[in-house]
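Each chain, letter by letter, is given below.
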Number of protein chains: 2
Amino acid sequence: MEKPLRLPALDPSSVAEQRRSSYPEPFRSRMGDRAKRKLGDACGLTQFGVNLVTLGSGGQSALRHAHTLEDEFVYVLAGEVVLVTDGGEQVLTAGMCAGYPAGTQDAHHFINRSGAPAQYLEIGTRVAGDDALYPDDDMMWVDGEQGKVAAHKDGRRY
Amino acid sequence: MEKPLRLPALDPSSVAEQRRSSYPEPFRSRMGDRAKRKLGDACGLTQFGVNLVTLGSGGQSALRHAHTLEDEFVYVLAGEVVLVTDGGEQVLTAGMCAGYPAGTQDAHHFINRSGAPAQYLEIGTRVAGDDALYPDDDMMWVDGEQGKVAAHKDGRRY
């Protein structure tokens with residue numbers, strides 16, 4: 001029998017799946033069957049996050065968004081996703097990737113329109129003061145008493 | 001026929017392989033059959049690097065090293081590598097990962113002791129003033145007129 005890996009090595013299956021979303025409804029439900037394992041956090045990394053994401057049929061990676069200050073990168077490990085950006089749609093299969101430099105305002109997300117789960121790595125820097133912009137949806141983040149809270153674009157809180 | 005992906009999406013096979021090493025001999029040769037595709041750079045990212053690395057049988061990812069200021073993460077995509085750290089050796093197969101927080105001084109590298117190529121993603125933050133420490137080898141980086149140059153640990157340049 002193999003010995004379990006010990007840090008700094010890590011078997012992703014040993015990291016708990018998280019299915020929560022910080023979005024309010026009706027956006028949260030739109031994510032569908034989305035489970036993340038926070039691999040970077042599990043290894044003690046602080047400068048960037050690395051999530052192993054399993055996205056079921058019909059699921060979305062996030063609302064279509066653009067980061068103001070954080071670079072982001074995704075690498076598809078299995079299955080097939082549709083990348084949506086300002087430039088339109090592209091199908092990404094296993095072994096394909098995408099990179100989103102901070103500040104371009106070109107918003108992006110994945111939708112799984114296939115009939116099978118897809119899996120990918122998402123990597124993003126952690127930069128104080130970063131914001132996410134949502135060109136397609138009536139959502140923005142505003143400063144609340146306990147951190148950022150979701151609001152309509154006219155400022156009303158969700 | 002499929003249309004080629006366009007940025008922000010990227011087909012890694014469209015990125016040129018790089019086989020160079022910044023190490024002096026005798027260290028450079030020790031890397032063996034190692035080819036990197038700089039995916040993050042190809043996407044215009046600046047805050048972290050993402051390399052898709054193919055490591056042939058007998059090859060090494062790097063000299064065993066520890067970064068002073070940069071977090072690093074690796075995810076094995078195919079094949080089998082041996083991770084060497086201060087805590088000893090562990091075999092990592094496809095789907096396994098490892099994370100190296102900045103400043104721990106626990107040095108790490110991969111060796112491919114299998115008979116087949118291995119492939120992995122390596123991700124590292126870019127932090128000004130970062131240094132790499134090499135506990136096993138008579139190598140360090142010192143300030144030269146045109147950036148960092150390799151020196152013996154007594155200061156003599158290679």
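The model shown is predicted, which means the values in this text are computed figures rather than measured ones.

Criteria and cut-off values
- Residues numbered from 1 in each chain as written.
- Chains lettered and ligands numbered in written order.
- Predicted model: local features only at pLDDT ≥ 70, side-chain atom pairs only at ≥ 80, totals over all residues.
- Heavy atoms only, no water.
- Least-squares fit on C-alpha atoms with pLDDT ≥ 70 in both.
- Contact = heavy atoms within 4.5 Å.
- Pairing = 2+ DSSP bridges.
- Helix = DSSP H or I, 4+ residues; strand = E, 2+ residues; numbered from the N terminus.
- Buried area = accessible area lost by both parts, 1.4 Å probe.
- Salt bridge = Lys/Arg side-chain N within 4 Å of Asp/Glu carboxyl O.
- Polar contact = N/O pair within 3.5 Å; in protein donor to acceptor, adjacent residues only side chain to side chain.
- Phe/Tyr/Trp six-rings, centres within 6.5 Å; stacked < 30°, edge-to-face > 60°.
- Buried < 20%, exposed > 50% of the residue type's maximum accessible area, 1.4 Å probe, protein only.

K.L.:
Hey, could you run me through the relation of the copies chain A and chain B in this one?
P.N.:
Superposing the two chain copies requires a rotation about an axis and a translation along that axis. Rotating chain A by 180 degrees and translating it 0.0 Å along the rotation axis places it on chain B, where the RMSD comes to 0.0 Å. Overall, the copies show the geometry of a two-fold rotation axis. An overlap of 100% is found between the interface residues of chain A and their copies at the interface of chain B, pointing to a shared contact surface.

K.L.:
Is there a simple way to explain the sheet that holds strand S3 (residues 48-55) of chain A in this structure?
P.N.:
Paired through backbone hydrogen bonds, the strands of a sheet run either parallel or antiparallel to each other. Sheet architecture is open: six strands sit in the order S2(A)-S3(A)-S10(A)-S5(A)-S8(A)-S1(B), paired in antiparallel fashion. Edge positions in the sheet fall to strand S2 (34-38) of chain A together with strand S1 (9-10) of chain B, since each has one partner strand and no second.

K.L.:
I'm lost on the interface of chain A and chain B in this one. Help?
P.N.:
Size of an interface, as often reported, equals the accessible area lost when the parts are brought together. With 46 residues of chain A at the interface, the matching set in chain B holds 46 residues. In total, chain A and chain B occlude about 3300 Å² of area from one another, counting both sides; carbon and sulfur atoms represent 64% of this. Inspection of the region where chain A meets chain B yields zero salt bridges. Taken together, the connections running from chain A to chain B amount to 16 residue pairs in polar contact (both at pLDDT 80 or more). Elements represented by at least two residues in the side of chain A that touches chain B include exactly strand S1 (9-10), helix H2 (39-42), S3, strand S5 (72-78), strand S6 (80-85), strand S7 (88-93), strand S8 (97-100) and strand S10 (118-125) of chain A. Note that S8 of chain A and S1 of chain B share two bridges and pair antiparallel.

K.L.:
Can you help me understand the packing of aromatic side chains in this one?
P.N.:
What characterises a pair of aromatic rings is the spacing of the ring centres plus the angle enclosed by the ring planes. Enumeration over the complete set of coordinates arrives at seven aromatic pairs over all chains. Where Phe27 of chain A meets Tyr158 of chain A, the ring centres are 5.8 Å apart and the plane angle is 75 degrees; that geometry is what we call edge-to-face. Placement of Phe27 of chain A in helix H1 (residues 27-30) and of Tyr158 of chain A in the segment after strand S13 (147-151) is noted, with a sequence separation of 131 residues between them. Judged by its relative accessible area of 5%, Phe27 of chain A is buried. Ring centres of Phe110 of chain B and Tyr120 of chain B lie 5.1 Å apart, and the angle between their planes is 85 degrees; this geometry places the pair in the edge-to-face category. Taken together, the positions of Phe110 of chain B in strand S9 (residues 109-111) and Tyr120 of chain B in strand S10 (residues 118-125) put the pair ten residues apart, joining distant regions of the chain. Here Phe110 of chain B matches Tyr120 of chain B in class, with each residue buried.

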